[in-house]
Protein chains: 2
Amino acid sequence: MARKPANTTSSAGGKSARTRQRILDAAAHVLSRKGFAGTRLTDVAEVAELQAPAIYYHFPSREELIEEVMWSGIANMTDHVQQQLDALPPETGPLDRIEVAVESHLRYQLETSDYTTAAIRNAGQLPDNMRARYEAEANRYGDVWRRLFDAAKREGALRPDLDARAARMLVLGALNWAAEWWNPRRGTLDQVIRTAKSLVRAGLAVPEAVEAEPMRKPQRSRARKPAKTASNR
Amino acid sequence: MARKPANTTSSAGGKSARTRQRILDAAAHVLSRKGFAGTRLTDVAEVAELQAPAIYYHFPSREELIEEVMWSGIANMTDHVQQQLDALPPETGPLDRIEVAVESHLRYQLETSDYTTAAIRNAGQLPDNMRARYEAEANRYGDVWRRLFDAAKREGALRPDLDARAARMLVLGALNWAAEWWNPRRGTLDQVIRTAKSLVRAGLAVPEAVEAEPMRKPQRSRARKPAKTASNR
DNA sequence: GTCTATATGGAGATAGAC
DNA sequence: GTCTATCTCCATATAGAC
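Residues numbered from 1 in each chain as written. Chains lettered and ligands numbered in written order. Predicted model: local features only at pLDDT ≥ 70, side-chain atom pairs only at ≥ 80, totals over all residues. Heavy atoms only, no water.

So, the interface of chain A and chain B
Opposite the 38 residues of chain A that make contact, chain B presents 39 residues. When residues of chain A are sorted by the area they lose upon contact with chain B, Leu170, Trp177 and Trp181 of chain A head the list and together hold 21% of the total. Taken together, the connections running from chain A to chain B amount to 0 salt bridges. Where chain A touches chain B, the interface holds 8 residue pairs in polar contact (both at pLDDT 80 or more). Of all the secondary-structure elements, those providing two or more residues to the side of chain A that touches chain B are helix 1 (15-34), helix 6 (114-122), helix 8 (164-181) and helix 9 (189-204) of chain A. When residues in the side of chain A that touches chain B are grouped by element, the largest group, 11 residues, is from helix 8 of chain A. (Contact = heavy atoms within 4.5 Å. Buried area = accessible area lost by both parts, 1.4 Å probe. Salt bridge = Lys/Arg side-chain N within 4 Å of Asp/Glu carboxyl O. Polar contact = N/O pair within 3.5 Å; in protein donor to acceptor, adjacent residues only side chain to side chain. Helix = DSSP H or I, 4+ residues; strand = E, 2+ residues; numbered from the N terminus.)

A short note on the relation of the copies chain A and chain B
Mapping chain A onto chain B leaves a residual RMSD of 0.1 Å; the transformation is a rotation of 180° accompanied by 0.0 Å of translation along its axis. Read as a symmetry element, the transformation amounts to a two-fold axis. (Least-squares fit on C-alpha atoms with pLDDT ≥ 70 in both.)

A look at the UniProt feature "DNA-binding region" (unreviewed entry) in chain A
Per the UniProt record, "DNA-binding region" (unreviewed entry) is annotated on residues 40-59 of chain A. Between the first and last C-alpha atoms of residues 40-59 of chain A the distance is 14 Å; the span itself is 60% helix and 0% strand. (UniProt positions renumbered as here; feature names shortened; annotations may be inferred.)

Section: the protein's contact with DNA strand D
Neighbouring residues of DNA strand D: 19 residues in total, closest Gln51 and His58 of chain A together with Arg40, Leu41 and Tyr56 of chain B. The contact atoms of DNA strand D, taken as those within 4 Å of the protein, divide so that sugar and phosphate hold 78%. One of the side-chain N or O atoms of tyrosine 56 of chain B is found 2.2 Å from a phosphate oxygen in DNA strand D. Arginine 62 of chain B places a main-chain nitrogen or oxygen 3.0 Å from a phosphate oxygen of DNA strand D. Counting residues per element, the ones that place at least two in the surface near DNA strand D are helix 1 and helix 3 (55-58) of chain A together with helix 2 (41-48) and helix 3 (52-58) of chain B. In terms of residue count, helix 1 of chain A provides more of the surface near DNA strand D than any other element does, 3 residues in total. In terms of residue class, the surface near DNA strand D is built from 7 nonpolar, 9 polar and 3 charged. (Near = heavy atom within 4 Å. Nonpolar A, V, L, I, M, F, W, Y, C, P; charged D, E, K, R; others polar.)

Regarding the environment of threonine 188 of chain B
Residue and element names in this part refer to chain B. By the element assignment, threonine 188 lies in the loop between helix 8 (164-181) and helix 9 (189-204). Take threonine 188: its relative accessible area is 47%, and that puts it in the partly exposed class. Reaching out from threonine 188, the side chain makes a polar contact with the backbone nitrogen of glutamine 191 at a distance of 3.0 Å. (Buried < 20%, exposed > 50% of the residue type's maximum accessible area, 1.4 Å probe, protein only.)

Side note on the packing of aromatic side chains
Residue and element names in this part refer to chain A. Taken as a whole, this structure holds 2 aromatic pairs over all chains when the rule is applied. Taking 6.5 Å as the distance between ring centres and 40° as the angle between the ring planes, the aromatic pair formed by tryptophan 145 and phenylalanine 149 counts as tilted. Taken as a pair, tryptophan 145 and phenylalanine 149 lie in helix 7 (residues 128-154) at a separation of 4 residues, close to a single helical turn. Look at tryptophan 145 and you get buried, because its relative accessible area is 0%. (Phe/Tyr/Trp six-rings, centres within 6.5 Å; stacked < 30°, edge-to-face > 60°.)

Overview of the packing of helix 5 (residues 94-112) of chain A against helix 8 of chain A
All names here are of chain A. Relative orientation of the contacting elements helix 5 and helix 8 amounts to 20°, with a least axis distance of 9 Å. By the criterion of interaxial angle, the relationship of helix 5 to helix 8 is roughly parallel. The crossing of helix 5 and helix 8 is right-handed. Seen from helix 5, the contacting residues are Val102, His105, Leu106, Gln109 and Leu110; seen from helix 8, they are Leu172, Leu175, Asn176, Ala178 and Ala179. Among the residues making up the contact of helix 5 with helix 8, the classes are represented as 7 nonpolar, 3 polar and no charged. (Axes fitted to C-alpha atoms, helices over the stretch in contact; angles between N-to-C directions. Parallel < 35°, antiparallel > 145°, perpendicular 65-115°, else oblique. Left-handed = near helix turned anticlockwise from the far one by under 90°.)

Focus: the packing of helix 1 of chain A against helix 4 (residues 62-86) of chain A
All names here are of chain A. Closest axis-to-axis distance for the helix 1/helix 4 pair is 9 Å, and the angle between their directions is 80°. By the criterion of interaxial angle, the relationship of helix 1 to helix 4 is roughly perpendicular. Residue-level inspection shows Arg20, Ile23, Leu24, Ala27, Ala28 and Leu31 of helix 1 in contact with helix 4, the latter providing Leu65, Ile66, Glu68, Val69 and Met70. Among the residues making up the contact of helix 1 with helix 4, the classes are represented as 9 nonpolar, no polar and 2 charged.

Describing the pattern of salt bridges
Residues and elements named next belong to chain B. Here the structure, examined in full by the defined rule, presents 35 salt bridges over all chains. Between arginine 33 and aspartate 114 there is a salt bridge, and its shortest N-O distance comes to 3.7 Å. With arginine 33 in helix 1 (residues 15-34) and aspartate 114 in helix 6 (residues 114-122), this residue pair connects regions lying 81 residues apart in the sequence. With a relative accessible area of 39%, arginine 33 lands in the partly exposed category. Classification of aspartate 114 as partly exposed rests on a relative accessible area of 27%.

Points about the side chain of glutamine 125 of chain B
Here glutamine 125 of chain B lies in the loop between helix 6 and helix 7 (128-154). A relative accessible area of 7% means that glutamine 125 of chain B is categorised as buried. Once residues within four sequence positions are removed from consideration, glutamine 125 of chain B is found in contact with Arg33, Lys34, Gly35, Arg121, Asn122 and Gln125 of chain A together with Gly35 and Phe36 of chain B.

Structure below.
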């Protein structure tokens, strides 16, 4: 995951590694607030409590530093959400799984991590030469959600008038945007999560299934052309 | 709305006014893609097909140019959506009104205007001294939506487990985010709009009202403490 | 009104001391 | 490993020709 500085004699938790982490944290903080072009190394250095040239001991360039922040922001989100999904009992219904993803995403984004906010806010502003690595990881996260929606569709849990891709992206947008407006002083995170889950479930589910969805196993043979939706990234 | 250049002898549709507009359009284009700090006047000039110093004949500074793009992006959106709402028959139900706002917002944002995308993407990155005018206008737009949701709540059209403010911001987020992913080559705008309307209506409505809401008049006296939600900005 | 030429300052990056 | 000093480049902004 992490590139190590040239001097590899120090142990994994040594001073160098800790300084490097401090620089990454500071960069995520600045990046999430000032944007890609507005992120200056002097500001990063100030937050990390060192002088700007010291950053070059740990990172070869400003761009590499920023790229690592962006990449790890979305990569950690992917791992976190997937981990929560993997921990569910196998018989969990598709809408319940989506609710878990909604909660995991919001919690991670709003509670844990400047990285994710930095990634989400700046994805559209990256110069072309920095996009590749980030987009590969962003697609991995998109795939997590695509699988959730495909499963729901396959089991007939999605209302048929919904376009699966549009619905998925609209839901993700609602979650991503929360970083722009949520303020702990204006309402608890739990309140936001509860509303988001309710909104998403009711928005997606066929009316009969809203109230209480039976916890049934995925029924693969009920699918009509599963390959079709799989290509719909 | 628009500041005029020093030379006011030219008519409203004169060459100066047209050049000024070209600069604004170019700035919106660059701003929506490169972000606030990444917007360079040479890039704006290139898109507008003139030399960078010529911009200073029409705008006193880079900041004033950007501020005007941001401000007019959100101001035009507000006017557009409000206008669509005002054109509805007075007996239109609150969820139907919300659907109209959803469609107006998406159409304007995705079809018409780099300005709105520029405003939405860069709102979080504005330096403090540029925020005031933009935020005043953004609040005006927020008020349009707040009134829609307050009306829906007052008439009992919103599910009671939803937090009105959180639900409103989640819906707006879903719409705002569409600019990040929608691509006309991946699906029609109409398809996105149809899905968004369906998702929002089903997500908000009390189950009984999903299918076909009676077009009834607002019933003010049914409200419980209307002042409560009004202060919930 | 728009151009060319240029003053000014700020940011990334490097050299080399400690 | 982190610092101070410095190089270089580039963007805003101005001066002044046309």
